[in-house]
Amino acid sequence: MNIVAREVSGIRELLDHNPVAGERRTGTRRFWTGREEKLLRANYPGGGITACLAALPGRSASSIYQRANVLGLRVPDANGKVNERQAWASSDAIDAIIRRTYQKSPTKNDVQACAGTCGRPRWWISKRAAKLGLVTPRFKQAPWSEAELDLIGDNAHKAPATLRRMLKAKGFDRSETAIIVKLKRLGADRTDPHHLNANQLAGVMGVDRKTVAGWIAKGWLRATRREASATDDFWWIHRRDVARFVIDNVAAVDLRKVDKFWFVDLLAHEGASPYAKSESKRDAILSLAKARPDLNRAQLAAMTESTPSAVSVVLSNARHKQEATT
């Protein structure tokens, strides 16, 4: 038996020839075939959505409603009358009422009262107000400039509120949400390059976090308490204080466990003498003398990049000031 296949030309004829309508849906279908539209025209006016769902099991109720609306199909009521969609029209009097309502920022109740006065739906009033130019359109924010991207990229570790103030000082107005979204899209590293928490410091030092907490409790390592979170601890430690701790407590640091690349970077950026990077030489001398009372004036001067005479003056003034207060 020879089977002669029918040749089909054209996408529409191919779809009509393929018996899709009435079969179970097997995948996503973004178009309506001619056979489906014929079934929709035959069943929708008389049986509504129920009849169409039975005839078109591969289509959802929402899809059938939308296609029926596109084709202009309506379901008659109990009296056999087809209720066409109301086509609302405007007039000068209605436009005047809408303008009077939108002179100030109207509330939802104000718009509803205006709709009742005009005899129109509330959605139509809102749409008409936008067409009359009474509603401020929502414009998309301007593209990010290179200056903005450089600023938030260099300070990505700071809080969004701080970044917003920094942008505003430069003449840019961005919301905190916009800043967070932009940083995520840029893939910016938001870790603070100048601070570490106890977990991070323990990881690079090759010790347990409890050991770091012990250093802080003994006063060897300067740290600041901050609000704890689910993924972080509450110790906030500056890299300068880490370098100071390493220099002052060499015996407590096992260099075999320390991350050598991080350690070299720490010393290279913070310097061999972190005390010299304090806000003033006086503060550096006083803090070092308090932390290391065993050092003499020559050693204090060498570690703070000062002179023995300057160290003597600073310590003498501090002692006189303390005696005067007591």
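About the criteria used
Per chain, residues are indexed from 1 in the order of the written sequence. Only residues with pLDDT of 70 or above have their local features reported here, since the model is predicted, and side-chain atom pairs are shown and tallied only from 80 upward, although totals for entire chains, interfaces and linings are computed over all residues. Processing note: side-chain calculations cover all non-hydrogen atoms of the structure and skip hydrogens and water entirely. Numbering of helices and strands starts at the N terminus; helices are DSSP runs of H or I of at least 4 residues and strands are runs of E of at least 2. Remark: exposure states derive from per-residue accessible area (1.4 Å probe, protein chains only) relative to the maximum for the residue type, with buried under 20%, exposed over 50%, and partly exposed in between. When checking whether two residues touch, look at their non-hydrogen atoms; a contact exists if any pair is within 4.5 Å. Residue exposure ignores everything except the shown protein chains as possible cover, and the areas themselves are Shrake-Rupley values with a 1.4 Å probe. Salt bridge criterion: a side-chain nitrogen from Lys or Arg within 4 Å of a carboxyl oxygen from Asp or Glu. On a range of 0 to 100, pLDDT expresses the predictor's confidence in each residue. Two strands are counted as paired when DSSP detects at least two bridges linking them. Geometry is summarised by axes, namely lines fitted to C-alpha atoms with helices restricted to the contacting stretch, and by angles between N-to-C directions that run from 0 to 180 degrees. The arc in question is formed by the directions pointing from the helix axis toward the C-beta atoms. Any Phe, Tyr or Trp ring, taking Trp's six-membered ring, that has another such ring centre within 6.5 Å forms a pair; planes under 30 degrees apart are called stacked, those over 60 apart edge-to-face, and the others tilted. Counting as a charge over the ring demands two things of the Lys NZ or Arg CZ atom: a distance within 6 Å of the ring centre and an angle within 35 degrees of the ring normal.

A.B. asks: For the overall build of the protein, give the residues involved together with the corresponding values.
C.D. replies: From N to C terminus, the protein includes 16 helices and 3 strands. Counting all 326 residues of the protein, 31% fall into the buried class. Excluding contacts between residues fewer than 6 apart, the proportion of contacts in the protein whose partners are at least 24 apart in sequence is 51%. Here the protein displays about 21900 Å² of accessible surface, and carbon together with sulfur accounts for 52% of that area.

A.B. asks: Outline the pattern of salt bridges, supporting the account with residue identities and numerical values.
C.D. replies: Under the definition given, this model contains 8 salt bridges. Asp241 is paired through a salt bridge with Arg244; the nearest N and O atoms lie 3.9 Å apart. Taken together, the positions of Asp241 and Arg244, both in helix α12 (residues 239-248) and 3 residues apart, correspond to about one turn of that helix. For Asp241, a relative accessible area of 10% corresponds to the buried category. Ionic pairing is found between Arg256 and Asp254, a salt bridge with its closest N-O pair at 3.1 Å. Asp254 sits in the partly exposed class, given a relative accessible area of 28%.

A.B. asks: So, the confidence of the model for the protein: which residues are in play, and what are the values?
C.D. replies: Counting all residues, the mean pLDDT for the protein is 79, and 81% of those residues have values of 70 or more. Here helix α1 (residues 11-17) stands out as the least confident element of the protein, with mean pLDDT 49; helix α4 (residues 92-101) is the most confident, with 92. Contacts from residues 1-8, a stretch scored under 50 in pLDDT, to residues over four places away or in other chains number 5 contacts. Note on residues 17-22: pLDDT under 50 across the span, and 10 contacts to partners over four residues away in sequence or across chains.

A.B. asks: Report on the side chain of Arg128, specifying residues and quantitative values.
C.D. replies: Within the fold, Arg128 resides in helix α6 (residues 122-131). Under the relative-accessibility criterion, Arg128 is labelled buried at 19%. Non-local contacts of Arg128, meaning those with residues more than four positions away in its chain, are made with Ser90, Asp95 and Ile98.

A.B. asks: Break down the sheet that holds strand β3 (residues 235-238) for me, with residues and values.
C.D. replies: What the 3 strands build is an open sheet, ordered β1-β3-β2; its pairing is antiparallel. This sheet does not close on itself; its edge strands, each paired only once, are β1 (195-197) and β2 (224-225). Pairing between β1 and β3: 3 bridges, direction antiparallel. Directly across from His195, in β3, lies its bridge partner His238. The strands that α12 touches are β1 and β3; relative to β3, the one it contacts most, it runs at about 75 degrees.

A.B. asks: Go over the environment of Cys114, please, and point to the residues and values.
C.D. replies: Its location among the elements puts Cys114 in helix α5 (residues 108-118). Note: C-alpha distance between Cys114 and Ile94 (20 residues apart in sequence) is 9.3 Å. Discounting chain neighbours no more than four positions away, the residues touching Cys114 are Ile97, Ile98, Thr101 and Ile125.

A.B. asks: A description of helix α3 (residues 61-71) should follow, citing residues and the corresponding values.
C.D. replies: Those residues of α3 not exposed but buried are Ser63, Ile64, Ala68 and Leu71. Down the axis of α3, the buried set is contained in an arc of 130 degrees. They therefore lie on one face. What points out from α3, more than 90 degrees from its buried face, is the exposed set Gln66 and Val70. Looking at the packing, one finds that the buried side of α3 touches α2 (34-55). Gly72 sits one or two residues past α3 and shows a positive phi near 75 degrees.

A.B. asks: Residues and numbers for the packing of aromatic side chains, please.
C.D. replies: Summed over all chains, the structure comprises 1 aromatic pair. The interplanar angle of 35 degrees and the centroid separation of 4.5 Å between the aromatic rings of Trp215 and Phe245 together place this pair among those described as tilted. Remark: Phe245 occurs in helix α12 and Trp215 occurs in helix α11 (residues 209-218); sequence separation between them is 30 residues. When its relative accessible area of 1% is taken as the criterion, Phe245 is described as buried. The lysine or arginine in question, Arg225, covers the ring of Trp235, its NZ or CZ lying 5.1 Å from the ring centre.

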